[in-house]
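Report on the structure
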Amino acid sequence: MNMAFKSAHLSLKHTDKRIILVAGGAGFLGSHLCERLLQDGHEVVCVDDFSTGRMENLWHLLRFDTFSFIRHDIVASIDLPVDEIYNLACPASPPHYQADPIHTMKTCVFGSLNLLELAVHHQARIFQASTSEIYGDPQVHPQPEGYWGHVNSFGPRSCYDEGKRSAETLFHDFHLKYGVDIRIARIFNTYGPRMRPDDGRVISNFIVQALKGQDITVYGDGSQTRSFCYVDDLIEGFIRLMGSPSPIHTPVNLGNPGEFTVRDLAEQIIAMTGSSSKIVHKPLPVDDPRQRRPDITVAKRELNWEPTVALAEGLKSTAAYFERQLVRPSGELVEVA
Ligand code: NAD
Ligand code: UDP
């Protein structure tokens, strides 16, 4: 474990504010979560191996003396005094999680195991960032939590899908055996500022391509669907699920039920950015799910949560973020990978 820049506040005793470990805190969702927890007055320790996370996602948090970070791969065990743990550590974009599938699987399984053991040790409540990929290429639409899914165990997406399924099983079993207070969010496609320009997921790809006037790469015929949730809505869902006084020890879908084809999305982004980009078609990746939309009945009932940001509005602020990342004040484009 390498300590970086600022020391973790290891000597801090529990006070009215909680000490919260955010694994994967330097990533897209993790950095928004760290920010929210700090604003809520908590002590936050971000643990990240910076494989897809970035230091620039954390710069603005260094002004909080209640924030610290540790460079650490959760595949190895870790010990810190903590009251709560959020496990977001895992590459989420298909090209990134497929780049080293064995490490993705280890992150999901050994990483979850290590953080669950930490939760047992400190009697901490623990949150798992699970995923709609649990449902694979779903044959039930929209997907309720009770659907067991349609997942290939032997393909390029399996390291992620089966890794995340195994992690849910570990959370279930630690709850049964040790009474760990678990919370599991099944997250559907979420987007927003602080995604990497080279993240590889559809919204960041299309916005970056549109801003650069490059071809928009629609995989397949673009008739496959996804439901896109804006990051602020999702983080509110995390906080409500983790803070819920009623013990919600079963998985909860968090996502925006608005459903769009990938082709719709491409056209909407071209129109919004006023881009000269043209749509081109590339081969559909193996096992790419045909359709996806969350049934959020449970989140509405148990957390009084539902998304409030419409796709058009969320895309606008995401495009503004990428514009700041990509375009110099002179109008010149900044190169990204
Ligand atoms: P991201 O790639 O931006 O963030 C993942 C973070 O985890 C990065 O900071 C990365 O460096 C870190 N990480 C990866 N492996 C690690 C390891 N072994 N040890 C320590 N740190 C490690 O992705 P994101 O979109 O912010 O996703 C965060 C979490 O939410 C992931 O667990 C992902 O599976 C889950 N999720 C995200 C979405 C989404 O649409 N964004 C959907 C479903 C699930
Ligand atoms: N996709 C696309 N062009 C891209 C990136 C993705 O058409 O440049 C498609 C992809 O094939 C999938 C959908 O967009 O059907 C969502 O892909 P993403 O990687 O964002 O998320 P996931 O497939 O994990 O839901």
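Below is a summary of the structure that appears in this document. (Residues numbered from 1 in each chain as written. Chains lettered and ligands numbered in written order. Predicted model: local features only at pLDDT ≥ 70, side-chain atom pairs only at ≥ 80, totals over all residues. Heavy atoms only, no water.)

**Section: the site of ligand 1**
Put simply, the test is: We call a residue near a molecule or strand whenever a single non-hydrogen atom of that residue lies within 4 Å of it. For this analysis, a polar contact is any N or O atom pair within 3.5 Å, provided that within protein one partner can donate a hydrogen and the other can accept it, and provided that sequence-adjacent residues contribute only side-chain to side-chain pairs. Using a 1.4 Å probe, accessible areas were evaluated by the Shrake-Rupley method; residue-level cover was limited to the displayed protein chains. Each helix corresponds to a stretch of at least 4 residues labelled H or I by DSSP, and each strand to a stretch of at least 2 residues labelled E; elements are numbered beginning at the N terminus.
Taken together, the neighbourhood of ligand 1 is formed by 30 residues, with Leu 29, Asp 48, Thr 52, Tyr 160 and Thr 190 sitting nearest. Between ligand 1 and Gly 53 there is a distance of 2.9 Å, counted from an oxygen atom to a backbone nitrogen or oxygen. Contact between ligand 1 and Lys 164: an oxygen atom at 2.8 Å from a side-chain N or O atom of the residue. When ligand 1 is considered free in solution it has 820 Å² of accessible area, and contact with the protein chains removes 97% of it. Mapped onto the shell around ligand 1, the elements with two or more residues apiece are helix H1 (28-39), helix H3 (101-122), strand E6 (125-131) and helix H4 (158-178).

**A word on the packing of H1 against helix H6 (residues 231-243)**
Cut-off, in case you're wondering: The convention used is that axes are lines fitted to C-alpha atoms, helices contributing only their stretch in contact, and that angles between N-to-C directions extend from 0 to 180 degrees. Working definition: roughly parallel below 35 degrees, roughly antiparallel above 145 degrees, roughly perpendicular at 65 to 115 degrees, and oblique for all remaining angles. By the definition used in this description, the sense in which the near helix is turned from the far one sets the handedness, with an anticlockwise turn below a right angle giving left-handed and a clockwise turn giving right-handed. When checking whether two residues touch, look at their non-hydrogen atoms; a contact exists if any pair is within 4.5 Å. Residues are grouped as follows: Ala, Val, Leu, Ile, Met, Phe, Trp, Tyr, Cys and Pro are nonpolar; Asp, Glu, Lys and Arg are charged; all remaining types, including Gly, are polar.
Direction vectors running N to C along H1 and H6 enclose 60°, while the axes themselves pass 10 Å from each other. In terms of orientation, H1 lies oblique with respect to H6. Of the two possible hands of crossing, H1 and H6 adopt the one that is right-handed. Residues Phe 28, Leu 29, His 32, Leu 33, Arg 36 and Leu 37 of H1 form the contact with H6, whose own contacting residues are Val 231, Asp 232, Leu 234, Ile 235, Glu 236, Phe 238 and Ile 239. Grouping the constituent residues of the contact of H1 with H6 by class yields nine nonpolar, one polar and three charged.

Nothing here speaks to function; it is all geometry.
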